[in-house]
Amino acid sequence: MNTKILRNLAFTIFTCYVTIAVSETPHWSHDEQSTWWAIQDTTQNVPLNYPFGECGIGKHQSPVDLASATIIDSKSLNKLAALYDTDTAPVFFNSGHGIQVNTSEDYSGVLMIGEESFPLIQFHFHEPSEHVVGGKSFPAELHYVHINEDGRIIVLAVAVDIGEENPVFGTILDNIPHEEGGQNASSGIQINPAELLPADLDPANLDYYTVAGSLTTPPCSEGVQWYLLPKVITISAAQLVQLKDIYTNNARAPQNLNGRSLLSTQ
Ligand SMILES: [Zn+2]
């Protein structure tokens, strides 16, 4: 699968607008997340008329409450390396469900899991966080989304707390279009996604928790492997207000673990 096809696949999965244009997938919102499974596509016959059914019947859904899971320490887990470099032409995108940065077509940044390489396709934010700890959420959560040539999806998640102002996040806020579906592809701004990682971690050898899960937005497809960092990044209180001015409460509630464990390098 070449890069162009890969990106088309990624955009179909992750952008509501493109999805609507291609397949007329029904509209959804975070307000109605308890009944995403029941949303009907009246242009389709059984069983395709429930395109988001997995949101309701899936047994490996995301996010989860990390405090509810058994954590298995394992020193033998794959090494995780976020080898992100500078993107010279990122696209600032208002997806209709959150603020997002799509990497450019020739972007070379990857997440390495052991010897396997997963290209970074986009990163986006939820407010408040989706993963919680003992029922407590963080002010926001950053998701780096990677897809490899086989279509396998890996999400690297970072909790966002309130503290020091974050200049990279500020750049994103300043360049995101405020209208739903808006894309800003000609900002002339360069972004290195690695600059959003926690500063006190080595990007080439990240400690992590990992759990099997799903997309946290419709169609809630499973087979997504999650990598969660043990450290937070910060944005300022004023930046959180700015984020909430664009999107607020765009987080899915924690889902049943159904016996899943967390594996940890720590
Ligand atoms: Zn997300």
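If you're wondering where the values come from, they're calculated on a predicted model, not measured in any experiment.

Undergrad: Can you help me understand the pairing of strand E7 (residues 140-147) in this one?
TA: Note on strand geometry: in a regular strand, side chains alternate between the two faces of the sheet. For E7, the tally of buried residues reaches eight of eight residues, placing the bulk of the element in the interior. Residues Ala140, Leu142, Tyr144 and His146 of E7 are buried on one face, and the alternating residues Glu141, His143, Val145 and Ile147, pointing to the opposite face, are buried as well. Pairing geometry for strand E6 (residues 116-126) and E7, over six bridges, is antiparallel. When the bridges of E7 are listed, His124 appears paired with His143.

Undergrad: Looking at this structure, how should I read the pairing of strand E8 (residues 153-162)?
TA: Burial analysis of E8 places eight of its 10 residues in the buried class, the great majority of the element. In terms of strand pairing, E7 meets E8 through eight bridges, oriented antiparallel. Bridge pairing in E8 links His143 to Ala157. Counting the residues in the hairpin turn of E7 and E8 gives five residues, including Gly151, whose phi is positive at 85°. When E8 meets strand E11 (residues 222-228), the two strands line up parallel, connected through four bridges. If you follow Ala157 over to E11, its bridge partner there is Leu228. Bridging between E8 and strand E12 (residues 233-235) involves three bridges; their strand directions are parallel. Within E12, the position partnered with Val160 by the bridge is Ile233.

Undergrad: Would you explain the nonpolar core in this entry?
TA: General note: in soluble globular proteins, nonpolar side chains tend to be found buried as a group. Judged by nonpolar contacts, the single largest core of 57 residues is most densely connected at Leu142, Ile154, Val155, Leu156, Val158 and Val160. For this core, the element with the most residues is E8, which contributes eight residues. Once residues within four sequence positions are removed from consideration, Ile154 is found in contact with Leu111, Ile113, Phe118, His146, Gln225 and Tyr227.

Undergrad: What should I look at first to understand the environment of Asn78 in this one?
TA: As for its placement among the helices and strands, Asn78 is situated in the loop between strand E1 (71-73) and strand E2 (80-83). Linking Asn78 and Tyr208, residues 130 residues apart in sequence, is a C-alpha distance of 10 Å. If we skip the residues at most four places from it in the chain, Asn78 touches Ile113 and Gly114.

Undergrad: In this structure, what is going on with unusual backbone geometry? I would like to understand it.
TA: Cis geometry is adopted by the peptide bond preceding Pro47, which originates at Val46 and carries an omega value of -5°. As for its position among the elements, Pro47 is in the loop between helix H2 (16-23) and helix H3 (54-57). Cis peptide bonds are those with omega within 30 degrees of zero, and the linkage from Ser62 to Pro63 qualifies with 0°. Unlike most non-glycine residues, Asn258 shows phi in positive territory, near 50°. Here Asn258 lies in the loop between helix H5 (237-246) and strand E13 (262-264). Exposure remark for Asn258: the 10 C-beta atoms within 10 Å place this residue in the exposed category.

What counts as what
Residues numbered from 1 in each chain as written. Predicted model: local features only at pLDDT ≥ 70, side-chain atom pairs only at ≥ 80, totals over all residues. Buried ≥ 20, exposed ≤ 12 C-beta atoms within 10 Å, placed from the backbone. Helix = DSSP H or I, 4+ residues; strand = E, 2+ residues; numbered from the N terminus. Pairing = 2+ DSSP bridges. Core = buried A, V, L, I, M, F, W, Y, C linked by C-beta atoms within 7 Å. Contact = placed C-beta atoms within 7 Å.

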